[in-house]
Amino acid sequence: MNAPTPNRFRNPRAKHNYLGQSCSIVAVGSYVPERILTNAELERLVETSDDWITTRTGIKERRIAAADQATSDLAARAALKALSSGGVAPAQLDLIIVATVTPDMPFPSTACLVQQKIGATRAAAFDLEAACSGFIYALEVGQQFIMSRTYETVLVIGAEKLSSIVDWTDRNTCVLFGDGAGAAILQNRPNAHGLLTAYMAADGSKGNVLCVPGGGSRQPASANSVANRLHYLRMDGKETFKNAVQAMHLAAREALQRCELDISQITCIIPHQANRRIIDAVAERVGARPDQLFVNLEKYGNTSAASVAIALDEAVVAGRIRRGDLVLLLVFGAGFTWGAAVIEW
Ligand code: UT7
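Residues numbered from 1 in each chain as written. Predicted model: local features only at pLDDT ≥ 70, side-chain atom pairs only at ≥ 80, totals over all residues. Heavy atoms only, no water.

K.L.:
An account of the site of the ligand is requested, with residue identities and associated values reported.
P.N.:
Thr-48, Arg-56, Lys-238, Asn-275 and Asn-302 are the nearest of the 22 residues found near the ligand. A distance of 2.6 Å separates a nitrogen atom of the ligand from a polar atom in the side chain of Thr-48. A distance of 2.9 Å separates a nitrogen atom of the ligand from a polar atom in the backbone of Arg-171. The fraction of the free accessible surface of the ligand (950 Å²) that becomes covered by protein chains is 75%. Broken down by secondary-structure element, the contributors of at least two residues to the shell around the ligand are α2 (50-57), α6 (171-174), α8 (237-258) and α9 (276-286). The biggest single contributor to the shell around the ligand is α8, with 4 residues. For the shell around the ligand, the residue count by class is 9 nonpolar, 8 polar and 5 charged. Built from parts of two domains, the shell around the ligand gets at least three residues from each of domain 1 (14-192) and domain 2 (196-344). (Near = heavy atom within 4 Å. Polar contact = N/O pair within 3.5 Å; in protein donor to acceptor, adjacent residues only side chain to side chain. Areas by Shrake-Rupley, 256 points an atom, 1.4 Å probe, with all protein chains shown as cover. Helix = DSSP H or I, 4+ residues; strand = E, 2+ residues; numbered from the N terminus. Nonpolar A, V, L, I, M, F, W, Y, C, P; charged D, E, K, R; others polar. Domains from an automatic or database assignment.)

K.L.:
So what's going on with the domain arrangement of the protein chain? Residues and values would help.
P.N.:
One can read the domain layout of the protein chain as domain 1 (14-192) and domain 2 (196-344). For domain 1 versus domain 2, the separation of C-alpha centres amounts to 13 Å. Across the boundary between the two partners, domain 1 contributes 46 residues, which contact 46 residues of domain 2. With both chains or domains summed, domain 1 and domain 2 bury close to 3,600 Å², and 65% of this area falls on carbon and sulfur atoms. When the area that domain 1 buries against domain 2 is broken down by residue, the three leading residues are Cys-132, Ile-136 and Tyr-137, summing to 18%. On the surface where domain 1 and domain 2 come into contact, there are 1 salt bridge. Note that Asp-167 is salt-bridged to Arg-229, the shortest N-O span being 3.0 Å. Here domain 1 is connected to domain 2 by 19 residue pairs in polar contact (both at pLDDT 80 or more). At the level of secondary structure, the elements contributing two or more residues to the side of domain 1 that touches domain 2 comprise β1 (23-31), α2, β3 (61-63), α5 (134-147), β6 (153-161) and β7 (179-188). The greatest single-element share of the side of domain 1 that touches domain 2, amounting to 7 residues, is contributed by α5. By residue class, the composition of the side of domain 1 that touches domain 2 is 21 nonpolar, 15 polar and 10 charged. (Contact = heavy atoms within 4.5 Å. Buried area = accessible area lost by both parts, 1.4 Å probe. Salt bridge = Lys/Arg side-chain N within 4 Å of Asp/Glu carboxyl O.)

K.L.:
Tell me what's going on with unusual backbone geometry, and back it up with residues and numbers.
P.N.:
The step from Phe-107 to Pro-108 runs through a cis peptide bond, and the omega angle for that step is 5 degrees. One can find Pro-108 in the loop between β4 (95-99) and α4 (110-118).

K.L.:
Requested: an account of the side chain of Ser-30, with residues and values cited.
P.N.:
Relative to the helices and strands, Ser-30 is located in strand β1. Here the side chain of Ser-30 touches Asp-313 through a polar contact of 2.7 Å, side chain to side chain. Look past the residues within four positions of Ser-30 in its chain and what remains in contact with it is Ala-78, Lys-81, Ala-181, Gly-182, Ile-310 and Asp-313.

K.L.:
How would you sum up the packing of aromatic side chains? Please name residues and give values.
P.N.:
Taken as a whole and assessed by the stated rule, the structure comprises 2 aromatic pairs. Seen from their ring centres, Phe-145 and Tyr-151 are 5.2 Å apart, and the 40 degrees between their planes marks the pair as tilted. The exposure class of Phe-145 is partly exposed, given its relative accessible area of 25%. Ring plane angle 50 degrees and centroid distance 4.8 Å describe the contact between Phe-332 and Phe-336, whose orientation is recorded as tilted. Phe-336 matches Phe-332 in its accessibility class, with the two residues each being buried. (Phe/Tyr/Trp six-rings, centres within 6.5 Å; stacked < 30°, edge-to-face > 60°. Buried < 20%, exposed > 50% of the residue type's maximum accessible area, 1.4 Å probe, protein only.)

K.L.:
Before we move on, can you summarise the packing of helix α3 (residues 71-86) against α4 with the specific residues and values?
P.N.:
Following both chains from N to C, one finds α3 and α4 inclined at 55 degrees, their axes separated by 9 Å at the closest point. Taken together, the axes of α3 and α4 are oblique relative to one another. Note that α3 runs across α4; the crossing there is right-handed. Residues Thr-71, Ser-72, Asp-73, Ala-75, Ala-76, Ala-79, Leu-80 and Leu-83 of α3 touch α4, and the partners they reach there are Thr-110, Leu-113, Val-114, Lys-117 and Ile-118. When its residues are assigned to classes, the contact of α3 with α4 shows 8 nonpolar, 3 polar and 2 charged. (Axes fitted to C-alpha atoms, helices over the stretch in contact; angles between N-to-C directions. Parallel < 35°, antiparallel > 145°, perpendicular 65-115°, else oblique. Left-handed = near helix turned anticlockwise from the far one by under 90°.)

In structure tokens form, the structure reads like this:
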């Protein structure tokens, strides 16, 4: 696993970079599809049990998008909620970044489709792919545009329709994933609270542990690729589990060090919602108390890039995060990629 890289903006607790800029998350929003798929229903689909899924993962149910809903539809719903909650008009947006592994189509980008759906006519738009770590990668990229004063208002979205790439005959994976979207609006608010640091990392040597092998330029779609089920998500669960615990622990340590914070000062820790056992193992390693953790995976399963974005919105709505609180986000995903962000709310 790569050693953490040094941060250009050391001591970001000062809240401003050398240009005197800070990056605030001025509003968040999320959307999950109405359809609930329970463990009991999965028992009728593959050889599994509610007991196995609950004890091995903590997941009780997940949301499944309608046939006519694509990732951009989920993303647009989350974006509109964030815009409305922040009192920001779509025309104010300068940039839209969508983190996803399930774009509506190879191109145009899902971000362009969202731009049209929400009427953000002034905004530039692009997708970013860092699998389950995508939301923090997108936050960090968005932050750079704000800090450099390139843009005033950036919309960052994590959105997935994972049900479209899950192999519904594979019990090792189909019980784990769900659909949804979460959004955050970033603005420069001098002297305001905001994103203190975001840390991103990757290890491409583990790319084949968690992937969709087909449909790209290496193995384009063909009758053969379909027959060999190459368009579905594949994962070595144990290897992913082990790396997820180690990487999120490292990411937490690095992000806290950069901000000169101790874990006890964090009000709310929002880890990637993949598996309750991973979350508990990370919490134990970083020395977190159970009451610091925010967990909603029992309702949604693993929604990849949307995971911490949805959880952040729910934690705010539930009053678990209040003005001035310190929040730690932790992510891990295919690539492998991982990262952390510290936010002063
Ligand atoms: O978002 C990216 C990050 N993704 C993750 O973090 C996922 C990481 N991995 C995991 O969460 C866990 O590895 C899993 C939940 C996927 C699997 O848990 P595990 O404790 O590692 O189980 P296992 O893969 O070692 O499987 C144990 C047994 C196997 O049977 P045998 O070979 O011991 O007879 C599996 O075939 O459980 C079996 N099994 C199931 N049984 C009932 C696997 N899936 C199921 C299932 N229902 N759905």
